[in-house]
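Secondary and tertiary structure notes
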There are 2 protein chains.
Amino acid sequence: MREVFQQELQEVQERLVEIAALVATSMENATRAFNESNVSLAENVIADDDKIDVLAQELDELAINILARQQPVARDLRIVVSALRISASLERMGDMAEHIAQLARYRFPDKVVPKSLRGTFSELGALDVAIAKKLVELLRTEDVSLAEEIRNDDDRIDALHLSVFDKVLGETWKGAAVDTVDATLASRYHERFADHAVSIAKKVQYLATGDWIPVAL
Amino acid sequence: MREVFQQELQEVQERLVEIAALVATSMENATRAFNESNVSLAENVIADDDKIDVLAQELDELAINILARQQPVARDLRIVVSALRISASLERMGDMAEHIAQLARYRFPDKVVPKSLRGTFSELGALDVAIAKKLVELLRTEDVSLAEEIRNDDDRIDALHLSVFDKVLGETWKGAAVDTVDATLASRYHERFADHAVSIAKKVQYLATGDWIPVAL
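Residues numbered from 1 in each chain as written. Chains lettered and ligands numbered in written order. Predicted model: local features only at pLDDT ≥ 70, side-chain atom pairs only at ≥ 80, totals over all residues. Heavy atoms only, no water.

- The name an unreviewed UniProt entry assigns to chain A is Phosphate-specific transport system accessory protein PhoU, from the organism Glaciihabitans tibetensis.
- According to the UniProt record, the Sequence similarities (unreviewed entry) comment for chain A reads "Belongs to the PhoU family."
- UniProt's Subunit (unreviewed entry) comment on chain A is quoted here verbatim: "Homodimer." (UniProt positions renumbered as here; feature names shortened; annotations may be inferred.)

Set out below in structure tokens:
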């Protein structure tokens, strides 16, 4: 029984890694679609989000199934419950990548943000992609130093997110209302993507080290 | 054992109702703070969000504890897992109310949105409050007709959310960039609040009727 359970936990972990890898690819494509105004890449991201949703849902069913059959307690129980939460966060990260791709598609053939903000968004996108790739590795290896890196990347993203508002609300901003709306939404999507990654990283860190970090915070 | 379990499930349900009621009060206060530029009410909402977070976290601990001790299966297991998900959604609804209150505080003593949008946001706020109150009743009574009403209210919110963009991107919009940013964010927060409510309503409906609605969608 115990051996079966360990195999099932490994299956859960592998599926989380698989979903995280898809999310990383989606964010990479969304970032390119956004920066380069690539509408077919944007459409790929939008289509891929359905796959992420289905995989997350299948993982949830597996986790609930494991709870029912294996009746885990203590740390084992927390691993399975955490998997459910991680899956929900990955699903939302996929949604954020999709929203970014949708902005690229709406504005095609124009670029989403004016020149003065492209450097900022290029950095935001690159950081989100880096975070997503680190998340894949963190889920695969449970190397908690990656959790720390993800938190640091997120701090930088928060600073960039604020700098978008500074620019949009500053005296030199010449953007039309559509540019202001798009910059506001795009910045929020990038920031939320990273927030979900940090939340996942905390859970993995807790599971790897036993340090309890409250789930709701 | 079975009787204890039923008592514990009732405790879970009562706590969900309690948190939902706090969320409804927060959204009511956030809406008033937003519409009337009431900074002290905004500060109440911001303080109350910490309470919601703590209660959601305590509920999660209770649910995990029930899983460990009672080892529920089948429908009972799904009730407890759903409680974890509903708690996470309520916690996010509290965050949205807090974000709306923060906008009111930032712009005080000015109002957050210009006159031309106040009617729309007043309706958005009233609908979110109505949804939150229906959610309290739905969680308390499991009267699934309320789930249908919540979905209808959400459709109206989605239409209003789109109308905000129509107005902001229309030719008659004279708002400054700060108005555009605030209207974009405020509209998104109102819309997400309702989305979470719909997601909770679907779960309650599933539990009440046995119709499985995939969790990730």
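**Overview of the relation of the copies chain B and chain A**
- Of the transformation placing chain B onto chain A, the axial shift is 0.0 Å and the rotation is 180 degrees, giving an RMSD of 0.0 Å. The transformation relating the two chain copies, once decomposed into turn and shift, fits a two-fold axis.
- By residue overlap, the copies meet face to face through one surface: 100% of the interface positions of chain B are interface positions in chain A. (Least-squares fit on C-alpha atoms with pLDDT ≥ 70 in both. Contact = heavy atoms within 4.5 Å.)

**Describing the nonpolar core**
- If you look at the biggest cluster of nonpolar residues, it comprises 152 residues, and the most contacted ones within it are L90(A) and L90(B).
- In this view, L90(A) contacts L16(A), I19(A), A20(A), V23(A), I52(A), L135(A) and I200(A); residues no more than four positions away in its chain are not counted. (Core = buried A, V, L, I, M, F, W, Y, C linked by side-chain atoms within 4.5 Å. Buried < 20%, exposed > 50% of the residue type's maximum accessible area, 1.4 Å probe, protein only.)

**As for the packing of aromatic side chains**
Residue and element names in this part refer to chain A.
- As enumerated under the stated definition, the model contains two aromatic pairs over all chains in all.
- An angle of 40 degrees between the planes, with centres 5.5 Å apart, marks the rings of F34 and F121 as tilted. Of this pair, F34 sits in helix 1 (residues 2–36) while F121 is found in helix 4 (residues 115–141), placing the two residues 87 residues apart along the sequence. When sorted by exposure, F34 lands in the same class as F121, which is buried. (Phe/Tyr/Trp six-rings, centres within 6.5 Å; stacked < 30°, edge-to-face > 60°. Helix = DSSP H or I, 4+ residues; strand = E, 2+ residues; numbered from the N terminus.)

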